[in-house]
Amino acid sequence: MAEEHEALTSAFSGLGVDESSLLTVITKWRKQPEKRRGFRSSSPFFKPHGSFERCEDDFVRSLKVEFARFKNVTVLWAMHPWERDARWIHHVLHKAHPFNIIVEIACTRSSDELLGARKAYHALFHHSIEEDVAYRVKENYCSLLVGLVSAYRYEGSRVDEDIAKSEAKALGHAIKNAGTKDPVENYEVIRILTTRSKTHLKETFRHYSGIYGQSIEQDFADESCLGETVRCLGSSASYFSKVIDKAFGEEADKNAKDALTRVVVSRSDVDMEEIKAVYEKQYKAKLEDKIVKNTRGNYRDALLSLVGM
């Protein structure tokens, strides 16, 4: 019976729920209430409460979330990408979620994909993304976010090296000589990051490293939204790789865990092979193996299907 207790505990642990193991134990324990009682007595999910073992409230709340993961991944997978992005942005703006999700969408979608999300937002919520961001974001990075969601970037390969180098110096000046002014309030920083093509920005960031001896990501690491912006624009695959790995950490909160579904669903048809290659290089492990180790049941199987195991 110890093995069954362990299997049942494992079924409830990790991201998702191991439905098969759970059903196996339920079948074996049919008409054997003493086994369920023994499980409750030894399980961390229940605590003595007078003459019975009480199911912990945190466990109940956790199960609701974990059972919902498979539902969420399938619903999001079925949605049109424009609607999916529009709903994510609306949720962020109306539920006080981290604004890095808006940065992620604005900086990793193509110009047409972002325009599509803006059209979907109009149709679904009868406002523009720009006006909702401007109205609801009170922090000093409001201008940056409005600029990012409003962007329609050039997607060709042409880059003016002189301008790229000049703008690398402008970004460096904004960081190194900021004084009491936050770089996110600097007009040149906002202009460069919200209007230049991703190809141009990669060259700008390369020049930045050459001029200042370290990457702009390192210098922007502590800047709210700016750090995510330069990571997404500089290397979306590296950014997504880090977001995915954070979901597997012991200290991962709800937002970090939910990000696993968001990234896998949204990038499955786009650049998942590149993300997998970058992940293996960064963390010396295959993404598929980490999913198998840290997720459970139908949710695990859905993720594995989407990453292309």
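Conventions used here
Residues numbered from 1 in each chain as written. Predicted model: local features only at pLDDT ≥ 70, side-chain atom pairs only at ≥ 80, totals over all residues. Heavy atoms only, no water. Phe/Tyr/Trp six-rings, centres within 6.5 Å; stacked < 30°, edge-to-face > 60°. Helix = DSSP H or I, 4+ residues; strand = E, 2+ residues; numbered from the N terminus. Lys NZ or Arg CZ within 6 Å of the ring centre and 35° of its normal. Pairing = 2+ DSSP bridges. Domains from an automatic or database assignment. Buried area = accessible area lost by both parts, 1.4 Å probe. Salt bridge = Lys/Arg side-chain N within 4 Å of Asp/Glu carboxyl O. Polar contact = N/O pair within 3.5 Å; in protein donor to acceptor, adjacent residues only side chain to side chain.

Under an unreviewed UniProt entry, the name given to the protein is Annexin, and the source organism is Musa acuminata subsp. malaccensis.

Undergrad: Help me understand the packing of aromatic side chains in this model?
TA: When we look at a pair of aromatic rings, we describe it by the centre distance and by the angle of the planes. Enumeration over the complete set of coordinates arrives at eleven aromatic pairs. Ring geometry for F39 against F46: centres 6.2 Å apart, planes inclined by 75°, an arrangement best described as edge-to-face. Ring centres of Y279 and Y283 lie 4.8 Å apart, and the angle between their planes is 45°; this geometry places the pair in the tilted category. Taken together, the positions of Y279 and Y283, both in helix α17 (residues 272–283) and four residues apart, correspond to about one turn of that helix. Clustering of aromatic rings is evident, with ring pairs tying together F12, W29, F39, F45, F46 and F59. Directly above the ring of Y135 sits K138, whose terminal nitrogen or CZ lies 4.8 Å from the centroid.

Undergrad: What is the right way to look at the pairing of strand β2 (residues 52–55) in this model?
TA: Side-chain direction in a regular strand flips from residue to residue, so the side chains alternate between the two faces of the sheet. Summarising the sheet, strand β1 (residues 46–49) and β2 pair through four bridges and their orientation is antiparallel. Among the inter-strand pairings, K47 is bridged to a residue of β2, identified as R54. Hairpin connection between β1 and β2: a loop of two residues separates the two successive antiparallel strands, and G50 in this loop has a positive phi of roughly 70°.

Undergrad: Would you explain the domain arrangement of the protein in this entry?
TA: Size of an interface: often given as the accessible area lost when the parts come together. Taken domain by domain, the protein consists of domain 1 (1–55) and domain 2 (238–307). Put simply, the middle of domain 1 and the middle of domain 2, counted by C-alpha atoms, are 28 Å apart. With both sides pooled, the region where domain 1 packs onto domain 2 buries about 650 Å², and carbon together with sulfur makes up 56% of that total. Looking at the side of domain 1 facing domain 2, the largest losses of area belong to L15, D18 and E19, adding up to 73% of the total buried there. Taken together, domain 1 and domain 2 are joined by zero salt bridges. Between domain 1 and domain 2 we count five residue pairs in polar contact (both at pLDDT 80 or more) in total.

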